[in-house]
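Structural overview
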Amino acid sequence: MLIAGNWKMFKGPAETAAFCAAFEAPAGVEAVLCPPYVSLSAAVAAGATVFAQNVHWAADGAYTGEISAPMLQELGVHGAIAGHSERRRYFCETDDTVARRAAAALEAGLRVIACVGELEEERERGETEAVLARQVAVLEPHPALVIAYEPVWAIGTGRTATPELAQEAHAFVKSLLDAPVLYGGSVKPENAAELLAQPDVDGALVGGASLDPDSFAAICLAAAAIRS
Ligand code: PEP
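The structure displayed is predicted, hence computed values, not measured ones.

What counts and how
- Residues numbered from 1 in each chain as written.
- Predicted model: local features only at pLDDT ≥ 70, side-chain atom pairs only at ≥ 80, totals over all residues.
- Heavy atoms only, no water.
- Near = heavy atom within 4 Å.
- Polar contact = N/O pair within 3.5 Å; in protein donor to acceptor, adjacent residues only side chain to side chain.
- Areas by Shrake-Rupley, 256 points an atom, 1.4 Å probe, with all protein chains shown as cover.
- Pairing = 2+ DSSP bridges.
- Helix = DSSP H or I, 4+ residues; strand = E, 2+ residues; numbered from the N terminus.
- Axes fitted to C-alpha atoms, helices over the stretch in contact; angles between N-to-C directions.

Moving on, we come to the site of the ligand. Contacts to the ligand come from 14 residues, most closely from Lys8, Glu150, Gly156, Ser186 and Gly207. The contact in question runs from an oxygen atom of the ligand to an N or O atom on the side chain of Lys8, over 2.8 Å. Within the side chain of Glu150, one N or O atom sits 2.7 Å away from an oxygen atom of the ligand. Across the complex, the protein chains shield 95% of the 290 Å² of accessible surface that the ligand would expose by itself.

In structure tokens, the structure reads:
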């Protein structure tokens, strides 16, 4: 099981080093840290499995503010997130740019967590499967590709999908693409076990609760208990 912590725009290098000193991943779980770009080296130096929060499709070029897969690999980074809903919402990421970022990173040899998920109004209109199908359709199967199902209404809101709802969406995503599927959206130590116990939930992408080493470790322990 894979438990990834998306730190968003939190923790510079010093806080990253302090987190890594305090955090130990339990056996049986792959814990991945996704710090901001400036803190990637500190996490790599601490021996963590480290993914960036985004990656550009070109190896280099006139793309101010972007970072390429070879640059991440030079730092010792293992993978990257692509298509997080905050990127889609605030930075105009589209299915096309997400697909290009994911494909280039996989081609370069990075692992990728590609995020999909519906908005609240899309769920209310009964469009969840159509949205997921559209977002997944642009992704090519690859052994190093993992999908994160993150209903947008559950991210950072404290509202979590019910285990049944998560299971239903995960099974649908897996019917479209053969890849492990992580659940993301307000995962906490208190709800991790019931979400991770669902048969098609292969791990979690955790935002807020990954910032504290004890709470992230508790989620990792819940995952370890389920598959052991
Ligand atoms: C995320 O950032 O991918 C996420 C799921 O955030 P949170 O756990 O805070 O909802």
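The next subject is the sheet that holds strand S7 (residues 181-184). Strand order around the closed barrel formed by eight strands is S1-S2-S3-S4-S5-S6-S7-S8, with parallel pairing between neighbours. Here the average twist between neighbouring strands, direction ignored, is 25°. Strand direction decides the pairing type here: S7 and strand S8 (residues 203-206), joined by two bridges, are parallel. Across the sheet, the residue bridging to Tyr183 is Ala204, located in S8.

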